[in-house]
Amino acid sequence: MTTAIYPGTFDPITKGHVDIIQRASRLFDTVIVGIATSVRKTPYFDLDKRVAMVNAALSGFANVTVYALDGLLIDCAKANQATVILRGLRAVSDFDYEFQLASMNRALDREIETVFLPATQEHAYISATMVREILSLGGDVSGFVPEVVSQMLSRG
Ligand code: ADP
């Protein structure tokens, strides 16, 4: 049994995130989506709203669970018997940060491996940062987030 943990801010969850989760759910027995509190990033959506949007977007996946991540990722992985940290790679620009993050996590715990999945071409340009930017300017983000999330966003 291999459990992977997919950490992120998911502010908000996008079609790119869902694509990574969907593909990972076929590779691993269990996928835990870990939603970081990310207090230092001052998220656009509060934790409850981000968790609600992720739960709504992933309701069809039997082997995916959603957790609010509190504390060190490695500790949360261990507590949930996860041996893989899952991350998505969109472009070369993601690489420096992701490589550093993977190396730091590896230095903290050698038993846990980071696995990267490449973004699919149609989702590679989607970023939560730009979704937030469009939202804050009153634009339409329905092409970038799951349908159910789009509905939640338009309800406010
Ligand atoms: P963070 O706050 O750490 O940047 P995000 O929630 O933005 O986390 O993203 C979590 C993970 O999902 C990261 O590994 C990121 O590279 C990946 N990711 C984000 N958007 C996409 C996308 N469109 N396609 C594939 N992977 C993505």
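Up top is the structure.
Residues numbered from 1 in each chain as written. Predicted model: local features only at pLDDT ≥ 70, side-chain atom pairs only at ≥ 80, totals over all residues. Heavy atoms only, no water.

## Description of helix 1 (residues 15-27)
Here helix 1 is 13 residues long and its end C-alpha atoms lie 19 Å apart, about the 18 Å a rise of 1.5 Å per residue gives. Those residues of helix 1 that sit buried are Gly-16, His-17, Val-18, Asp-19, Ile-20, Ile-21, Arg-23, Ala-24 and Ser-25. (Helix = DSSP H or I, 4+ residues; strand = E, 2+ residues; numbered from the N terminus. Expected span 1.5 Å × (residues − 1). Buried < 20%, exposed > 50% of the residue type's maximum accessible area, 1.4 Å probe, protein only.)

## Some remarks on a nonpolar patch on the surface
Together, Val-92, Phe-95 and Phe-99 make up a nonpolar patch on the protein surface, roughly 340 Å² of accessible area in all. Residue position: Phe-99 is located in helix 4 (residues 92-108). (Patch = residues over 30% accessible without salt bridge, like charges linked within 9 Å, V, L, I, M, F, W, Y side chains within 5 Å. Areas by Shrake-Rupley, 256 points an atom, 1.4 Å probe, with all protein chains shown as cover. Salt bridge = Lys/Arg side-chain N within 4 Å of Asp/Glu carboxyl O.)

## Describing the sheet that holds strand 4 (residues 84-89)
Here we have five strands laid out as an open sheet, ordered 3-2-1-4-5, and parallel in their pairing. With partners counted over all chains shown, the strands left at the sheet margins are strand 3 (64-69) and strand 5 (113-118), one partner each. Neighbouring strand axes in the sheet, compared pairwise and without regard to direction, differ in orientation by 30° on average. The sheet contacts of helix 1 involve strand 1 (3-8), strand 2 (30-36), strand 3, strand 4 and strand 5, and relative to strand 5 the element is tilted by about 120°. Lying over the sheet, helix 4 contacts strand 4 and strand 5, oriented at roughly 175° with respect to strand 4. (Pairing = 2+ DSSP bridges. Axes fitted to C-alpha atoms, helices over the stretch in contact; angles between N-to-C directions. Contact = heavy atoms within 4.5 Å.)

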